[in-house]
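The primary structure of each chain is shown beneath.
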Amino acid sequence: MLGRGIVEGMLETARNFLGSYVSRERLTTVQYPEERLAHIENARSFPFLVYDGADWQAGMRCVSCQICEKECPPKCIYIEKSVDKKPDAVGRPQNYPKVFNIDVSVCMSCQICVEVCPFDAIKMDVEYELGAHDRFGGLLLDKQRLSKSNEYYHRIHPTEAAAVDAALAEERAKMQAKQQAAAAAAAAKAAAPVAATPSAAIPSAPATEGKA
Amino acid sequence: MSAEALQIETVKAQIEAAVPGCLLEMVTNPSVCAQHSLVVAAKDAVAVAEFLRTADGLKFDFCSNVTGVDWPAKETVAKVKVKKLVDGVETEVEETQKTVTPGYLEAVYHLFSMELKHGPLVLRQRTAGHEVGAEVASLTPVWKSAELQEREIFDLFGVVFTGHPDLRRLLMWDEFVDHPMRRDYVDPDDYEYEPTAHDEILRRAREHAAAAQEAGR
Amino acid sequence: MSSAMHPAMDMAAERGMQLSPAGESGVQLLEVSMGPQHPSTHGVFRMDVVLDGEKVVKLKPVFGYLHRNHEKIAEKETYLGNMPYTDRLDYICSLTNNWAYALAVEKLAGIEVPERAEYLRVITAELTRLQNHALLIGFLMQDMGASGTPLMYAFREREKIQDLFEALTGSRMMSNYMRFGGCRVDAPAGWLAEVGKMVASFPQFLDEFEALLTGNEILMARTQEVGVVTRERAVNAGLTGPMLRASGVNYDIRKVDGYGIYNRFPFRVPLGEHGDTYDRYMIRVLEMRESVKILEQALKEIPDGPIQDPKTKPRNFRPKVGEAYGRIESPKGELGFYLISDGTGTPYRYRVRPPSLINLTLLEEMCLGHNVADIVVILGSVDIVLGEVDR
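Residues numbered from 1 in each chain as written. Chains lettered and ligands numbered in written order. Predicted model: local features only at pLDDT ≥ 70, side-chain atom pairs only at ≥ 80, totals over all residues.

Once that is clear, we can look at the overall build of chain A. Each helix and strand counted, chain A has eight helices and eight strands in total. Taken over the C-alpha trace, chain A has a radius of gyration of 30 Å; the compact-globule value for 212 residues is 17 Å, which it surpasses by more than 25%. The long-range fraction of contacts in chain A, counting pairs at least 24 apart against all pairs at least 6 apart in sequence, stands at 69%. (Helix = DSSP H or I, 4+ residues; strand = E, 2+ residues; numbered from the N terminus. Rg over C-alpha atoms; globule rule 2.2 N^0.38 Å. Contact = placed C-beta atoms within 7 Å.)

Quick look at the structure:
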């Protein structure tokens, strides 16, 4: 019968149409913006800077090494190093960024900055509703707009954030152990000459005093 | 790897036997994949290509990729010991000698065989000079797949393919003057404001800002 | 234009085309620009068409509307920095673009890829093939006037695949996933099970899709004997991919080169007999079925292990001097990358062999003598993405 293929096709369409009243599978449209899909955990939109604790300036992990600036393919990151230092996430005194701008209209969300950052300071956000009326002001995110807390990071990427926290905790522990060992060695060194001088230095006591 | 090198030697010998008087040069590829190439002179190119396409055992009926490469002229400075007369005495003097290796443009053809399922055989054609309009032979009469790709090389490098049925620009618009992929291409200074300028763009931004200040003064 | 002879008259005579009586006097030849803004040209693509009534007498494609100078940018970026740019070539199949580039660099520098990464590459590539062919058939139907219904069914399945990509790579389209020597990140927990679920439900979707389309008389009338390409012309014009196999040439780079671990997968290569648009449509459906088989096997066999050589560092990658040409079977055809390294961190010459551009070599030949409406159908079956044609 001529037209049989078309009729079979229409049966298919009818199945889909009527099925959409009955099965959730067939009703796939999400009525955005009234309905929103939960973001998938590994999704990425644009970068943000992580800070630990409550103070975004003191807790910022970024040490202004500028590696992300160099590796960024479209060169959308602009960093100016500070002159003074502050303790970083592990406890070492490091520089921090005086200026950290990302031009989100240029950023292509490739995530290479996250990959090369040695300090787990820059991570990918999932926010995509970033419309602005002003192309340069609204889409040039500065240090403050980019800084988001570690708690936020845990909320959007729980697995990743947990792994990063574990790694940082390990580094902090190693750092502390090293500091303790250094302190103990210094204390031992300070104690040892004091123990040595009484036996050998009675005749030369004035000389050592002069030296000290 | 050595099997590949052997294979290209045999192909070279076969071509030289079949196309008398052709000039072929083998270029070894130092990388791991060892895809060596044969440089063919423009006057023999079509004959060699036709032979490669039809010969038994070769049957390179599929020209997959045609690439243009720009090798600009290189100046090397070397310290050379030269015998010269200094105050009447013949002494060995160290001189700096500048040698200029002339530049050229290349069209690189990657050939495969769909019938015999082997490849790639890399064929290269080099121009005599580096100027815009330097000529090589077009292999479009042999493989139609080269048609659009040779047009692209003409468009972006300025290499003229003699014998091409329709040589005109492909990607740039017809009134465009330069050839963008050349190493000596200078892009026009149509600088636009960019908030996170780096390197070249930052340098130009500073020049523009200085010029604007001068103009404002 | 009114009474002068149109220049296309000579061309028509040369090609032995029968012009209509009005066309013979040169009065009725109409020049149309199927211009860059067109709903059915799959992107910003222009064709200057000369028509005798409804029949095509001459067709000249005009490229370059999406030319972004990708190859010149690549000469300034590092090898790693070029990876996100390859996503944007054939923007629908970003994972296969990544693989082709990674393969070329691995050939250049002699880097080995661990087992698990190879399996992940095969899984992602075949998923890409599924969603590309589904999208293409959907758009082909829409160009023919099916006003989006098959398209939306295909997109329903495609959304599932894109969600899988988002869970794995972070992005639905611009994946930036392959690295030199493996993949960037391992599959998250439960991802492989999700893929398994999707693959299990895909054949049912294909059955529904085929019931909707394959026997459809309108489709058959509009695509059979339309845009015929003979074997010899196809091979000589460098066509690759489903376009080539529709003309009956058995050349699938997954079988010929056996790159990656494709030698372990016994899949069949569908071949067409007539070389027309209907064959191209059927081949894509059959290829989707074969991809499902490959996926099932890969999901069963994937081993545990590292996904990248632990010694590789993302920065300061400097391959030695040399050149390499690496190619894969992307859903559109042979996607090749030709790299010349001069020992520094940026490539000296970076060339993309674009299957979409080269598959358009025979566009004029295919369209001559057909109606204007067939041009859209033929162009749809060639499967072009302008990001790749113009780079």
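Okay, the overall build of chain B next. Within chain B, the regular secondary structure consists of four helices and nine strands. Taken from the N to the C terminus, the helices and strands of chain B come in the order α-β-β-α-β-β-β-β-β-β-α-β-α. A globule of 217 residues ought to have a C-alpha radius of gyration of about 17 Å, yet chain B, at 24 Å, is considerably larger. The principal-axis extent of the C-alpha atoms belonging to chain B is close to 75 × 65 × 35 Å.

Two elements, strand 2 (residues 77-81) of chain A and strand 5 (residues 97-103) of chain A, share five bridges in a ladder whose sense is antiparallel. The partner of A:Ile79 across the bridge, within strand 5 of chain A, is A:Phe100. (Pairing = 2+ DSSP bridges.)

Attention now moves to the interface of chain B and chain C. Contacts between the two partners involve 28 residues from chain B and, on the opposite side, 34 residues from chain C. Mapped onto the side of chain B that touches chain C, the elements with two or more residues apiece are strand 3 (62-71) and helix 3 (146-157) of chain B. Among the elements that take part in the side of chain B that touches chain C, strand 3 of chain B stands out by supplying six residues, more than any other. Looking at the side of chain B that touches chain C residue by residue, the class counts come to 16 nonpolar, eight polar and four charged. (Nonpolar A, V, L, I, M, F, W, Y, C, P; charged D, E, K, R; others polar.)

Moving on, we get to helix 3 of chain B. The end-to-end C-alpha distance of helix 3 of chain B, which contains 12 residues, comes to 16 Å, matching closely the 16 Å that a straight helix rising 1.5 Å per residue would cover. Most of helix 3 of chain B sits out of view: 12 of its 12 residues are buried. All buried positions along helix 3 of chain B are accounted for by B:Ala146, B:Glu147, B:Leu148, B:Gln149, B:Glu150, B:Arg151, B:Glu152, B:Ile153, B:Phe154, B:Asp155, B:Leu156 and B:Phe157. At its buried positions, helix 3 of chain B is contacted by strand 3, strand 6 (104-112) and strand 9 (160-162) of chain B together with helix 14 (355-359) of chain C. Once helix 3 of chain B finishes, B:Gly158 follows within two positions and takes phi at roughly 85 degrees, a positive value. (Expected span 1.5 Å × (residues − 1). Buried ≥ 20, exposed ≤ 12 C-beta atoms within 10 Å, placed from the backbone.)

A word on the interface of chain A and chain C. Contact residues are listed per partner, giving 25 residues for chain A and 27 residues for chain C. Only helix 1 (4-22) and helix 3 (112-116) of chain A provide two or more residues apiece to the side of chain A that touches chain C. Here the residues of the side of chain A that touches chain C sort into 10 nonpolar, nine polar and six charged.

This paragraph deals with the packing of helix 7 (residues 149-169) of chain C against helix 8 (residues 191-213) of chain C. Residue and element names in this part refer to chain C. Two numbers describe how helix 7 lies on helix 8: the axes approach to 11 Å, and their chain directions differ by 170 degrees. Overall, the two elements helix 7 and helix 8 adopt an arrangement that is roughly antiparallel. Between helix 7 and helix 8, the contacting residues are Pro150, Tyr153, Glu157, Lys160, Ile161, Leu164, Ala167 and Leu168 on the first element and Trp191, Glu194, Val195, Met198, Phe202, Phe205, Phe209, Leu212 and Leu213 on the second. Among the residues making up the contact of helix 7 with helix 8, the classes are represented as 14 nonpolar, no polar and three charged. (Axes fitted to C-alpha atoms, helices over the stretch in contact; angles between N-to-C directions. Parallel < 35°, antiparallel > 145°, perpendicular 65-115°, else oblique.)

The next thing to look at is the domain arrangement of chain B. Partitioning chain B into domains gives domain 1 (2-70 + 104-182) and domain 2 (187-217). Centre-to-centre, using C-alpha coordinates, domain 1 of chain B lies 42 Å away from domain 2 of chain B. (Domains from an automatic or database assignment.)

Residues and elements named next belong to chain C. Here helix 6 (residues 115-146) spans 44 Å end to end across 32 residues, near enough to the 46 Å set by a 1.5 Å rise per residue. Burial analysis of helix 6 places 26 of its 32 residues in the buried class, the great majority of the element. Positive phi shows up at Ser147, right after helix 6, with a value of about 40 degrees.

Another point: the sheet that holds strand 1 (residues 24-27) of chain B. Residue and element names in this part refer to chain B. The strand order across the open sheet built from five strands is 1-2-7-6-3, with neighbouring strands paired in mixed fashion. Both outer strands of the open sheet, strand 1 and strand 3, are each paired with one neighbouring strand and no more. The average undirected angle you get between the axes of adjacent strands in this sheet is 25 degrees. Relative to strand 6, strand 3 runs antiparallel, the two sharing nine bridges. By the bridge assignment for strand 6, Thr67 is matched with Val108. Across the sheet, helix 3 is in contact with strand 3 and strand 6; its angle to strand 3 comes to roughly 10 degrees.

For the rest of this paragraph, the subject is the packing of helix 1 of chain A against helix 8 of chain C. Orientation of helix 1 of chain A relative to helix 8 of chain C, taken along the N-to-C sense of each, is 135 degrees, at an axis distance of 6 Å. Considering their axes alone, helix 1 of chain A and helix 8 of chain C lie oblique with respect to each other. Residue-level inspection shows A:Glu8, A:Gly9 and A:Glu12 of helix 1 of chain A in contact with helix 8 of chain C, the latter providing C:Glu208, C:Ala211, C:Leu212 and C:Leu213. Grouping the amino acids of the contact of helix 1 of chain A with helix 8 of chain C by side-chain chemistry returns three nonpolar, one polar and three charged.

Overall, the predicted model of chain B reaches an average pLDDT of 84, with 96% of residues at or above 70. If you check the scores for this complex, the pTM reads 0.90 and the ipTM reads 0.88. (pLDDT = per-residue confidence, 0-100.)

Glancing now at the sheet that holds strand 8 (residues 349-353) of chain C. Residues and elements named next belong to chain C. Taken together, three strands build an open sheet; the order of strands is 6-7-8 and the sheet is antiparallel. The open sheet has two edge strands, strand 6 (322-330) and strand 8, and neither has a second partner. Strand-to-strand twist across the sheet, computed as the mean angle between neighbouring axes with direction ignored, equals 10 degrees. Strand contacts of helix 5 (residues 94-109): strand 6 and strand 7 (333-341), with the helix running at about 150 degrees to strand 6, the strand carrying the most contacts.

Residue and element names in this part refer to chain C. Within the fold, Met173 resides in the loop between helix 7 and strand 4 (178-179). Linking Met173 and Asn263, residues 90 residues apart in sequence, is a C-alpha distance of 28 Å. Setting aside residues no more than four positions away along its own chain, Met173 makes contact with Tyr91 and Ser94.

For the rest of this paragraph, the subject is the environment of B:Ala78. Residue and element names in this part refer to chain B. Among the structural elements, Ala78 can be located in strand 4 (residues 74-86). Classification of Ala78 as exposed rests on a count of 9 C-beta atoms within 10 Å. Along the primary structure Ala78 and Lys98 are separated by 20 residues, whereas in three dimensions their C-alpha atoms are 6.5 Å apart. The contact partners of Ala78, leaving out residues within four places of it in the chain, are Gln97 and Thr99.

Moving on to unusual backbone geometry. In this chain, A:Tyr32 is followed by A:Pro33 through a cis amide linkage whose omega measures 5 degrees. For A:Pro33, the position within the fold is in the loop between helix 1 and strand 1 (47-51). Not every positive phi belongs to a glycine, and C:Ser147 is a case in point at roughly 40 degrees. Looking at where C:Ser147 falls in the secondary structure, it is placed in the loop between helix 6 and helix 7. Here the phi dihedral of C:Asn316 falls at roughly 55 degrees; this positive angle occurs in a residue that is not glycine. Considering the arrangement of structural elements, one finds C:Asn316 in the loop between helix 13 (277-301) and strand 6.

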